[in-house]
There are 2 protein chains.
Amino acid sequence: MEVELKELLSDLHSLKKSISDPSHLALIEKMHLHAENIATLEKSGTTRRSKVKDMSAEVVDSNPYSRLMALQRMGIVNNYERIREFSVAIVGIGGVGSVAAEMLTRCGIGRLLLYDYDKVELANMNRLFFRPEQVGMTKTDAAVQTLSEINPDVVLESYTLNITTVEGFDTFMSSLTNKSFQPTKSGSGVDLILSCVDNYEARMVVNQACNELNQTWMESGVSEDAVSGHIQLLIPGETACFACVPPLVVASGIDERTLKREGVCAASLPTTMGVVAGLLVQNTLKYLLKFGQVSRYLGYNALKDYFPTMEMKPNSQCSNTACLERQKEYILAKPTRDAAAKAKADIEALSPAENSVHADNEWNISVVDDEEMDGSDVKISGALPEGIVHELPVADEYPKPPVTETVGPADDLEELRRQLEALNAD
Amino acid sequence: MEVELKELLSDLHSLKKSISDPSHLALIEKMHLHAENIATLEKSGTTRRSKVKDMSAEVVDSNPYSRLMALQRMGIVNNYERIREFSVAIVGIGGVGSVAAEMLTRCGIGRLLLYDYDKVELANMNRLFFRPEQVGMTKTDAAVQTLSEINPDVVLESYTLNITTVEGFDTFMSSLTNKSFQPTKSGSGVDLILSCVDNYEARMVVNQACNELNQTWMESGVSEDAVSGHIQLLIPGETACFACVPPLVVASGIDERTLKREGVCAASLPTTMGVVAGLLVQNTLKYLLKFGQVSRYLGYNALKDYFPTMEMKPNSQCSNTACLERQKEYILAKPTRDAAAKAKADIEALSPAENSVHADNEWNISVVDDEEMDGSDVKISGALPEGIVHELPVADEYPKPPVTETVGPADDLEELRRQLEALNAD
């Protein structure tokens, strides 16, 4: 619109110069005023907040970060401003991914990489984020439009592609390994990947990429009946990967046969998706900024307001070869981890009170905290925790049966050797 | 802008009529084209989705309700379209209230009444919903602007006022009793009130209004350290009112002394507020559309991903006289409730399988479901459930001490009489 207005104003200018009739000139003057008013109105409609160089903790209405920096003063986070150094990739900008992207944008995350190939439809309006005037735009374009207006400090990268295609996967991998944002960063170019896709195939692709890159990621899901969901943390080699165990979901108590009928359109609710996005980004903030306990698996049963948790060890029979490599590396690194843990325990023993809450513990999970909990935090070993079921009822659909005997913590060198042999036997 | 454009076009028209010079006419022709392009661009920028007469379940991209109506086909909700008959009042359009309003709007709620007196500031941008270009607008105006664009089917009423002032309270009360939306509705003019305010005084005012009107409401809160929150259902006479028990919150494990320092700006996170808003509106949908279990109290500890639940009975020593009246009415209505419960149990006994999930149970809470749970659903009787603490550490600040002996369920006529006498003794 800016171009059209500029042209109109310049035409008015030329006309004014070449006309002498006073009544005509008055009319031109009037038109000039209208055009200028339009320009002012147009400009006020697109007022954007300017970029902010440093995150300030100053308590003034005009500071977009005051309520976040207050987390430091309140002792929740040690260094909030570190958030600007982190890159998070979000795969799938739907009901969960778009809200997760908005939350991270409002938190002032350094860089967001957004992946989707779909377009915004009116049928998406029952979930948060997209607006009816964005119908027809790609979800990535629409997201960048909204997010850049909300917080211009965030570096946004948009990838309109399908990661399950060969070409899409190549671009996905190269975007993840690009380190231009933080050249000194170890590992890949991103700190975390959030999987917010709605199908098994795309999750397996994210799983493959993360196992290959040794990249920590979080998976999220919402059931087709819209009343349950979950988030899961996956650390290659340390936790089960997505191929280690058939996907686990939270049971809603609704007859599975109702859900699996052919051609049934999945239901969705802004509430369930908002809660799952909130739990996912909360877990992301805890992971990146090192506060609280990072959940390994957290389910949400909306009908009963029940939130099962559990942990899943890797499967030494996993069908994913990159996963088996990561498992070997993890087992071999055990002596180093043990030494580091012992050194930290010694330091903590010297000043227990000071370190009890903000200890620089990789997951901030302590044995005492676990015991304080309600006992629902169980390790998977044979039976599933109450309320959690396999996503698909037929086990035959998977190359391997569900893992019942999982790889437990290695107690000594003998045990380590046994585990490595089990992995190599494949 | 529309007015300015119209004037400009009419001026161009008059000028064209009175001018004969061909080069001038060509220039006017050109300006006319630019002005028309501006009009087109302006119109496309504000494209709104048109109103929808009936909620359709048709699975097409252009149907904004297809994913909600699917809840019916999947057996979650009996009659989703009933949502259009309901009126929900939201008091406080901040970090929780604004997101709750957006969720209900996207769900196609019939009517929303919004109450706030505050203006949008850049300091609010770390929470969802408001955008930087709305800074300076009242929260109610900004909310109506955004919500009416998202879903024009929702009837929006905006009240820019402070309910804790005498004048504000009067308008609040008269808006709640206005029945023009559903003239045949019993009780007040709204089906539910959601309290999303951030202070004790405003909660006590909502409590007073609801006790006077015998109006069911839900309370919500987020801690000042941003890492815990809760929702609570309050039914006058049946559950504890806000004055019955000193406010209970979820402990975050952070030293209270850090929080209570003078002049400290409260922290907030879009994640915690998004989760609390999601749980609140989920509970609202379950309450209005009668599915699942409506939670009486649900807490959220973000550091541990722990979600305590409990129930609170009314306090026969409550300082609120309207609450005592409602308690008396509730006790007197016990024989009627018992007869209705028995009649329903008899019907269910005839077809147990059919009614097990979608029984027309007021709260959809069954004894079997409770036993299936993890046992965290406790009735408050003396000690608080783990993880829940009193909001303010000093009990002396309240007119009455915390209730330890609560009014239990009346077992017989003798017990009923005893309870009524206890209430009348005040």
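Details of the structure are given in the entry above.
Residues numbered from 1 in each chain as written. Chains lettered and ligands numbered in written order. Predicted model: local features only at pLDDT ≥ 70, side-chain atom pairs only at ≥ 80, totals over all residues. Heavy atoms only, no water.

(A) Inspection of the pairing of strand β1 (residues 87-91) of chain B at higher detail. All names here are of chain B. Across the five residues that make up β1, a large majority, five, are buried. Residues S87, A89 and V91 line one face of β1 and the alternating positions V88 and I90 line the opposite face, and both faces are buried. Direction of pairing for β1 relative to strand β2 (residues 111-116): parallel, over a ladder of five bridges. Pairing of S87 across the sheet is with R111, part of β2. Taken together, β1, helix α4 (residues 97-106) and β2 form a β-α-β motif whose crossover is right-handed. Direction of pairing for β1 relative to strand β4 (residues 192-195): parallel, over a ladder of four bridges. When the sheet's bridge partners are listed, A89 is paired in β4 with I193. (Buried < 20%, exposed > 50% of the residue type's maximum accessible area, 1.4 Å probe, protein only. Helix = DSSP H or I, 4+ residues; strand = E, 2+ residues; numbered from the N terminus. Pairing = 2+ DSSP bridges. Right-handed = clockwise from strand over helix to strand, strands pointing away.)

(B) Highlighting the interface of chain B and chain A. On the side of chain A, 102 residues touch chain B, which itself brings 102 residues to the contact. Applying the counting criterion to the chain B and chain A interface returns four salt bridges. Put simply, K30 of chain A and D11 of chain B hold a salt bridge, and the shortest N to O gap is 3.2 Å. At the junction of chain B with chain A, the criterion picks out 30 residue pairs in polar contact (both at pLDDT 80 or more). Taken together, the residues of the side of chain B that touches chain A break down into 54 nonpolar, 22 polar and 26 charged. (Contact = heavy atoms within 4.5 Å. Salt bridge = Lys/Arg side-chain N within 4 Å of Asp/Glu carboxyl O. Polar contact = N/O pair within 3.5 Å; in protein donor to acceptor, adjacent residues only side chain to side chain. Nonpolar A, V, L, I, M, F, W, Y, C, P; charged D, E, K, R; others polar.)

(C) A look at the relation of the copies chain B and chain A. Aligned on chain A, chain B shows an RMSD of 0.3 Å; the corresponding rotation is 180° and the shift along the axis is 0.2 Å. As the rotation angle and translation indicate, the two copies are arranged about a two-fold axis. When each C-alpha of chain B is compared by its distance to the rotation axis, V275 of chain B comes out closest, at 2.3 Å. (Least-squares fit on C-alpha atoms with pLDDT ≥ 70 in both.)

(D) Expanded view of the packing of aromatic side chains. Applying the stated criterion across every chain, the model contains 13 aromatic pairs over all chains. Summarising the aromatic geometry, the rings of Y200 of chain B and F242 of chain B are spaced 6.0 Å apart at their centres and angled 50° between planes, so their arrangement reads as tilted. Taken together, the residues span a long stretch of sequence, with Y200 of chain B in helix α7 (residues 200-213) and F242 of chain B in the loop between β6 (228-234) and β7 (248-250) at a distance of 42 residues. Geometrically, the ring pair formed by Y300 of chain B and F307 of chain B is stacked, given 5.2 Å between the ring centres and 15° between the ring planes. Side by side, Y300 of chain B and F307 of chain B carry an identical accessibility label, which is buried. The structure contains a cluster of three or more aromatic residues connected by ring pairs, namely Y115, Y159, F169 and F172 of chain A. The ring of Y330 of chain B has R337 of chain B lying over it, and the distance from NZ or CZ to the ring centre is 3.5 Å. (Phe/Tyr/Trp six-rings, centres within 6.5 Å; stacked < 30°, edge-to-face > 60°. Lys NZ or Arg CZ within 6 Å of the ring centre and 35° of its normal.)

(E) Seen up close, the nonpolar core. Of all hydrophobic cores here, the largest spans 130 residues; its most connected members are Y80, I90 and L112 of chain A together with Y80, I90 and L112 of chain B. In contact with Y80 of chain B, not counting residues within four places along its chain, are M55, L68, M69, L71, Q72, C107 and L289 of chain B. The next biggest cluster of nonpolar side chains, apart from the first, holds 23 residues, and it includes I193, V206, C210 and L234 of chain A. (Core = buried A, V, L, I, M, F, W, Y, C linked by side-chain atoms within 4.5 Å.)

(F) Spotlight on the pattern of salt bridges. Applying the stated criterion across every chain yields a total of 36 salt bridges over all chains. The shortest N-O distance in the salt bridge between E348 of chain B and K344 of chain B comes to 3.9 Å. Of this pair, E348 of chain B and K344 of chain B are both found in helix α11 (residues 334-350), four residues apart, which corresponds to roughly one turn of the helix. One salt-bridge network, in which partners are shared between bridges, spans R49, R84 and D153 of chain A.

(G) Structural view of the pairing of strand β4 (residues 192-195) of chain A. Residue and element names in this part refer to chain A. Side-chain alternation along β4 places L192 and L194 on one buried face and I193 and S195 on a second face that is also buried. Where β4 meets strand β5 (residues 217-222), three bridges bridge the pair, whose relative direction is parallel. Each residue of the ladder has a partner; that of I193, found in β5, is W217. Note on the crossover from β4 through helix α7 (residues 200-213) to β5: the handedness is right-handed.

Just geometry here; none of it tells us what the structure is for.
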